[in-house]
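In case you want the letters, here they are:
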Amino acid sequence: MPFYSEKVMEHFANPRNVGEIAQADGIGEIGNPVCGDMMSFYIKVKDNKIEDVKFKTFGCGAAIAVSSMVSEMAKGKTIEEALQITNDSVAKELGGLPPNKMHCSNLGADALHRAIEDYQKKRNK
Ligand code: FES
C-alpha cells in the first residue's frame, strides 16, 4: 500500500492557489514548533463568501497537499461553511493521511480559521 494516497501526491505535485493576496481581507498564520513547518493563508471576502484563497506553505509534502486541498474546499464557501472545514474533513478529502502525518492536516484548517478570525476582527472595527 502506498504511503500517500494518489490525491495527496497529485496536490503535492500541482498545488492549487499558491501565492499571496496583496489586499487580503484576512490573513492567518500558523506554525508547528515540532517540525518547524509554517503556513500562511490569505482570503478575500465578498458578500460573506470567500471569493479567493491563496496560501504559502513552507513545509512537508503533506502540509503542501493539505494547504492546496483546504484552499479548494474554502473557495466559494460562505464564512460559516468555511468554518465547518475541519482537519478531519481535509484528511478525508485527500483520501487519508498516514497517522504520523495527521498533524500536518491540523495546520491547514487552523490557518484558514485564523484568516477568517482576522477578517472578522477587522470587519468589526
Ligand atoms: Fe510538520 Fe508535515 S511534518 S507539517
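One structure accompanies this document, and this report is about it.

The rules behind these values
- Residues numbered from 1 in each chain as written.
- Predicted model: local features only at pLDDT ≥ 70, side-chain atom pairs only at ≥ 80, totals over all residues.
- Heavy atoms only, no water.
- Helix = DSSP H or I, 4+ residues; strand = E, 2+ residues; numbered from the N terminus.
- Contact = heavy atoms within 4.5 Å.
- Areas by Shrake-Rupley, 256 points an atom, 1.4 Å probe, with all protein chains shown as cover.
- Lys, Arg positive; Asp, Glu negative; His and termini not counted.
- Charge placed at Lys NZ, Arg CZ, Asp CG, Glu CD.
- Salt bridge = Lys/Arg side-chain N within 4 Å of Asp/Glu carboxyl O.
- Buried < 20%, exposed > 50% of the residue type's maximum accessible area, 1.4 Å probe, protein only.

What follows deals with the overall build of the protein chain. In terms of helices and strands, the protein chain carries five helices and three strands. Start at the N end of the protein chain and walk to the C end: the helices and strands fall as α-β-β-β-α-α-α-α. A principal-axis box enclosing the C-alpha atoms of the protein chain has dimensions of 50 × 25 × 20 Å. If you take every contact in the protein chain between residues at least 6 apart in sequence, the share linking residues at least 24 apart comes to 63%. Accessible surface for the protein chain amounts to roughly 6,700 Å². Of this, 52% is attributable to carbon and sulfur atoms. Put simply, the protein chain has 16 plus and 17 minus side-chain charges, and the middle of one group is 3 Å from the middle of the other.

It is worth spelling out the pattern of salt bridges at this point. Summed over all chains, the structure comprises seven salt bridges. Its salt-bridge partner being Asp52, residue Lys54 comes within 3.9 Å of it at the nearest N-O pair. Residue classification places Asp52 among the partly exposed positions, given a relative accessible area of 23%. The structure contains a network of salt bridges with shared partners spanning Glu10, Arg16 and Glu72.

This part covers the environment of Gly96. Tracing the sequence through the fold places Gly96 in the loop between α4 (87-93) and α5 (102-123). Sequence separation of Gly96 and Ser5 is 91 residues, and the distance between their C-alpha atoms is 6.8 Å. If near-sequence neighbours (up to four positions away) are discounted, Gly96 is found in contact with Ser5, Val8 and Ala91.

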